[in-house]
Amino acid sequence: MAASEHTVLQFTPTQSSTSLSAKVHPLVIFNICDCYVRRPDQAERVIGTLLGSVLPDGTVDIRNSYAVPHNESSDQVALDIDYHHNMLLSLQKVNPKEVIVGWYSTGLGVTGGSALIHEFYSREVPNPIHLTVDTGFRNGEGTIKAYVSVNLSLGDRQLAAQFQEIPVDLRMVEAERVGFDILKTPMVDKIPSDLEGMEASMQRLLALIDDVYKYVDDVVEGHVASDSSIGRFISETVASLPKLSPSAFDKLVNDSLQDHLLLLYLSSITRTQLSLAEKLNTAAQIL
Amino acid sequence: MANNSGNTVARSFLQVASTEEVAPSLRVVQIEGLVILKIIKHCKEFSPALVTGQLLGLDVGSVLEVTNCFPFPIREEDEEIEADGANYQLEMMRCLREVNVDNNTVGWYQSTLLGSFQTVELIETFMNYQENIRRCVCIIYDPSRSNQGVLALKALKLSDAFMELYRSNNFTGEKLRERNLSWVDIFEEIPIKVSNSALISAFMTELEADSPITQCDYDRLQLSTNPFMERNVEFLIECMDELSMEQQKFQFYYRNLSRQQAQQQAWLQKRRSENMARKAAGEDPLPEEDPSNPIFKPIPEPSRLDSFLITNQIANFCNQINGVSGQSFNRLYLMKALQDS
């Protein structure tokens, strides 16, 4: 790809003309960081393709990504297009619903070379999203921004491509499911078992309830100004506990307990049966 | 002097070449967070269909590091697609190598439904992989259990003793008793460690939502486990049926065997009495064995492999039921405490 003269303007919009927003799944971020860590020594940044789908309400759901080898010098950018297509074909064999929705690059801000790459991607997809992930933590935090390109034209002549920022929603639902503890620390010694996880959840719940108690006490004693919306939330929560008479509730709990005990008993019997059967099977002597 | 040193060098070289390296046994599988997320995403997208994928990484001493993975497309039962599958794999490995991903296959992962993964195909796949790679591991992920809030990820490998036995394809009771091999020894579960690069942990630390409760807590504290338990028990019942069928096969075999032995004894008696008569008449005694007689044909003992696998599955289901019941107890008591207060 040759250099051309596009100037790039970049400002945060006060009102965006397109109501586009992007949702990024945590896997994408993991992928990008991993590719960044593994990049060849002479490359400063990593460029790759974003895959996902467009939801019916217009938001772009970014679900997967892969890096594309590229060569970058001061005014030229060369992207390995064959690689890009090969990977796309391979990945689509697994999941044909994921299509190209844009591209990403690491590093803060949008540079001149990005406009060329964006142009390339806009040939593949009508309105590609450009995601920048700041792996250098230049602002003191890792910023993830998404941009859409809008063409500024004067009459018939195209002047410049403006990168407008669109809101990014980082849905960490899957990461939460796995548990941030596992994903946060550089090394976890073992995956927590069921009961340990249960314990952790209950502790968190307990902490929350304590917080709420403290807050209510403070408000009653006048230390903290009362906020009616919070009060409404609390009363809704308390009211959502089903109103059962204590005896009915006890009966419910006991019934469930008995069911579970029965299942436990069944499974222990099964295991005894198994060990017995196995002893019989292999210990049978042929006379 | 030169000769001496030359000799010592030659000897030590020979020594080194003759002593085989003893590979340290695999103790831990170290997975990267990236791989976990990828596996979860792939398995969840296609659940309840079962999917597989390949694991890539490095084999370092007693730790098997898994650094990346890629999914396999759903394979049709068509012959031509077999070649496609191999092509896909080569293509993916080539592409990943260009971006400096470890190109070394260390195993595969598959999703499972409620823990019913112990099948003969699994063992065969293991044997296939084991021929090419010295150490391979299989990671099993259960998306239905993960809805309960538990990360149901397991790393398995076949135990060495079992592999040797499988190669000889001999599963009779005697052999198993010799090796002291029972159904627990087929699969070995290896503990999993999770590692993340520093960059990713920085990002995750920052992106972590501030709220003290996460989705995983919501999943865990849910009270309704009935559907899960029901399916578990259903599978358990089916497996028990299969196990009882296997038991019947054994019974049949033993009955046949004892009947055959009784027949052999009777025939032997007859022969002996004939021989006595012949001796009395002065003729040569007939041989006491007659291999052409069909009652001497040894009946093949049925392989115990299936029953072992089924037993494994049943044990797995039982374990799961235990785990979920434990959790439910916790939840129920929690509810009770909440209601009381």
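Residues numbered from 1 in each chain as written. Chains lettered and ligands numbered in written order. Predicted model: local features only at pLDDT ≥ 70, side-chain atom pairs only at ≥ 80, totals over all residues. Heavy atoms only, no water.

**Observations concerning the overall build of chain A**
Line of reasoning, step 1. Scanning chain A from terminus to terminus reveals 8 helices and 12 strands.
Line of reasoning, step 2. Within chain A, buried positions represent 40% of all 287 residues.
Line of reasoning, step 3. When contacts within chain A are restricted to residue pairs at least 6 apart in sequence, long-range pairs at least 24 apart make up 59% of them.
Line of reasoning, step 4. Within the structure as shown, chain A displays about 15900 Å² of accessible surface, and the carbon and sulfur contribution to it stands at 56%. (Helix = DSSP H or I, 4+ residues; strand = E, 2+ residues; numbered from the N terminus. Buried < 20%, exposed > 50% of the residue type's maximum accessible area, 1.4 Å probe, protein only. Contact = heavy atoms within 4.5 Å. Areas by Shrake-Rupley, 256 points an atom, 1.4 Å probe, with all protein chains shown as cover.)

**A few points about the overall build of chain B**
Line of reasoning, step 1. What chain B contains, in helices and strands, is 11 helices and 8 strands.
Line of reasoning, step 2. Across chain B, the fraction of contacts at a sequence separation of at least 24, relative to all contacts at a separation of at least 6, is 76%.
Line of reasoning, step 3. For chain B, the accessible area works out to roughly 17900 Å², and carbon and sulfur atoms hold 52% of it.

**Side note on helix 2 (residues 33–46) of chain B**
Residue and element names in this part refer to chain B.
Line of reasoning, step 1. For helix 2, with 14 residues, the first-to-last C-alpha span of 20 Å sits near the 20 Å given by 1.5 Å per residue.
Line of reasoning, step 2. Counting buried residues in helix 2 gives 12 out of 14 residues, a clear majority hidden from the surface.
Line of reasoning, step 3. Among all positions of helix 2, only Gly33, Leu34, Val35, Ile36, Leu37, Lys38, Ile39, Ile40, Lys41, His42, Cys43 and Phe46 are buried. (Expected span 1.5 Å × (residues − 1).)

**Things to note about the confidence of the model for chain A**
All names here are of chain A.
Line of reasoning, step 1. Per-residue pLDDT for chain A has a mean of 73; in total, 71% of the residues score no lower than 70.
Line of reasoning, step 2. Across chain A, strand 3 (residues 47–54) holds the top mean pLDDT of 85, while strand 1 (residues 7–11) sits lowest at 45.
Line of reasoning, step 3. Across residues 1–17, confidence stays below pLDDT 50; counting only partners more than four residues off in sequence or on other chains, it has 30 contacts. (pLDDT = per-residue confidence, 0-100.)

**Some details on the packing of aromatic side chains**
Line of reasoning, step 1. Using the criterion set out here, one finds 5 aromatic pairs over all chains in the structure.
Line of reasoning, step 2. Taking 5.2 Å as the distance between ring centres and 70 degrees as the angle between the ring planes, the aromatic pair formed by A:Phe120 and A:Tyr121 counts as edge-to-face.
Line of reasoning, step 3. Assessed through its relative accessible area of 0%, A:Tyr121 is described here as buried.
Line of reasoning, step 4. Summarising the aromatic geometry, the rings of B:Phe70 and B:Phe72 are spaced 5.9 Å apart at their centres and angled 80 degrees between planes, so their arrangement reads as edge-to-face. Note on accessibility: B:Phe70 and B:Phe72 belong to one class, buried. (Phe/Tyr/Trp six-rings, centres within 6.5 Å; stacked < 30°, edge-to-face > 60°.)

**What about a negative patch on the surface?**
All names here are of chain B.
Line of reasoning, step 1. A contiguous patch of negative charge on the surface is contributed by Glu230, Glu234, Glu238, Asp241 and Glu242.
Line of reasoning, step 2. Of note, Glu238 is situated in helix 10 (residues 226–281).
Line of reasoning, step 3. Using a relative accessible area of 46% as the deciding quantity, one classes Glu238 as partly exposed. (Patch = residues over 30% accessible without salt bridge, like charges linked within 9 Å, V, L, I, M, F, W, Y side chains within 5 Å. Salt bridge = Lys/Arg side-chain N within 4 Å of Asp/Glu carboxyl O. Lys, Arg positive; Asp, Glu negative; His and termini not counted. Charge placed at Lys NZ, Arg CZ, Asp CG, Glu CD.)

**What to know about the packing of helix 1 (residues 26–37) of chain A against helix 2 of chain B**
Line of reasoning, step 1. For the pair helix 1 of chain A and helix 2 of chain B, the least separation of the axes is 10 Å and the interaxial angle reads 145 degrees. Considering only the axes of helix 1 of chain A and helix 2 of chain B, their crossing is left-handed. Listed contacts from helix 2 of chain B to A:Pro26, A:Leu27, A:Phe30, A:Asn31 and A:Asp34 of helix 1 of chain A are B:Gly33, B:Leu34, B:Leu37, B:Lys38 and B:Lys41.
Line of reasoning, step 2. Taken together, the residues that form the contact of helix 1 of chain A with helix 2 of chain B break down as 5 nonpolar, 2 polar and 3 charged. (Axes fitted to C-alpha atoms, helices over the stretch in contact; angles between N-to-C directions. Left-handed = near helix turned anticlockwise from the far one by under 90°. Nonpolar A, V, L, I, M, F, W, Y, C, P; charged D, E, K, R; others polar.)

**Side note on the nonpolar core**
For soluble globular proteins, the rule of thumb is that nonpolar side chains tend to be buried together.
Line of reasoning, step 1. Among the nonpolar cores identified, the biggest contains 82 residues, and A:Leu131, B:Ile39 and B:Leu55 are the most heavily contacted of them.
Line of reasoning, step 2. Not counting chain neighbours up to four residues away, the residues in contact with A:Leu131 comprise A:Val24, A:Ile32, A:Leu50, A:Trp103, A:Tyr104, A:Ser105, A:Ile144, A:Lys145 and A:Ala146.
Line of reasoning, step 3. Counting residues in hydrophobic clusters, the runner-up holds 20 residues, among them B:Ile140, B:Met163, B:Tyr166 and B:Phe187. (Core = buried A, V, L, I, M, F, W, Y, C linked by side-chain atoms within 4.5 Å.)

**With respect to helix 1 of chain A**
Residue and element names in this part refer to chain A.
Line of reasoning, step 1. Over its 12 residues, helix 1 extends 17 Å from the first C-alpha to the last, a length consistent with the 16 Å expected when each residue adds 1.5 Å.
Line of reasoning, step 2. Counting buried positions over the 12 residues of helix 1 gives 11, a clear majority of the element.
Line of reasoning, step 3. Within the span of helix 1, buried status applies to Pro26, Leu27, Val28, Ile29, Phe30, Asn31, Ile32, Cys33, Asp34, Cys35 and Tyr36.

**Looking at the state of the cysteines**
Line of reasoning, step 1. For the structure on display, the rule yields 0 disulfides over all chains.
Line of reasoning, step 2. The structure places no disulfide on B:Cys95, whose sulfur is separated from the nearest cysteine sulfur, that of A:Cys35, by 12 Å.
Line of reasoning, step 3. On the basis of relative accessibility, which here comes to 0%, the residue B:Cys95 falls in the buried class. (Disulfide = S-S within 2.5 Å.)

**What about a nonpolar patch on the surface?**
Line of reasoning, step 1. On the surface, A:Leu262, A:Tyr265, A:Leu266 and A:Ile269 cluster together into a nonpolar patch covering about 400 Å² of accessible area.
Line of reasoning, step 2. With respect to the helices, strands and loops of the structure, A:Leu262 is situated in helix 8 (residues 246–283).

**Let's talk about the pattern of salt bridges**
Line of reasoning, step 1. Per the counting criterion, the structure on display carries 7 salt bridges over all chains.
Line of reasoning, step 2. Measuring nitrogen to oxygen at the nearest pair gives 3.2 Å for the salt bridge that ties A:Arg63 to A:Asp61. Like A:Arg63, the residue A:Asp61 is buried in the burial classification.
Line of reasoning, step 3. One network of salt bridges, in which partners are shared, links A:Asp61, A:Arg63, A:Glu98 and B:Lys41.

**Some words on the pairing of strand 1 (residues 28–32) of chain B**
All names here are of chain B.
Line of reasoning, step 1. In terms of burial, strand 1 is a largely internal element, 5 of the 5 residues being buried.
Line of reasoning, step 2. In strand 1, alternate side chains face the same way, and those of Val28, Gln30 and Glu32 on one face and Val29 and Ile31 on the other are all buried.
Line of reasoning, step 3. Across 4 bridges, strand 1 lies against strand 8 (residues 192–195) in parallel orientation. Looking across to strand 8, one finds that Val29 is bridged to Ile192. (Pairing = 2+ DSSP bridges.)

**Examining the pairing of strand 7 (residues 99–106) of chain A**
Residues and elements named next belong to chain A.
Line of reasoning, step 1. For strand 7, a buried count of 7 out of 8 residues is recorded, marking the element as mostly surrounded by other parts of the structure.
Line of reasoning, step 2. Of the strand pairs in this sheet, strand 3 and strand 7 are connected by 6 bridges, and their pairing is antiparallel. Each residue of the ladder has a partner; that of Gly48, found in strand 7, is Tyr104.
Line of reasoning, step 3. Pairing of strand 7 with strand 8 (residues 129–133) involves 5 bridges; the strand directions are parallel. Residue pairing in the sheet places Ser105 in a bridge with Thr132 of strand 8.

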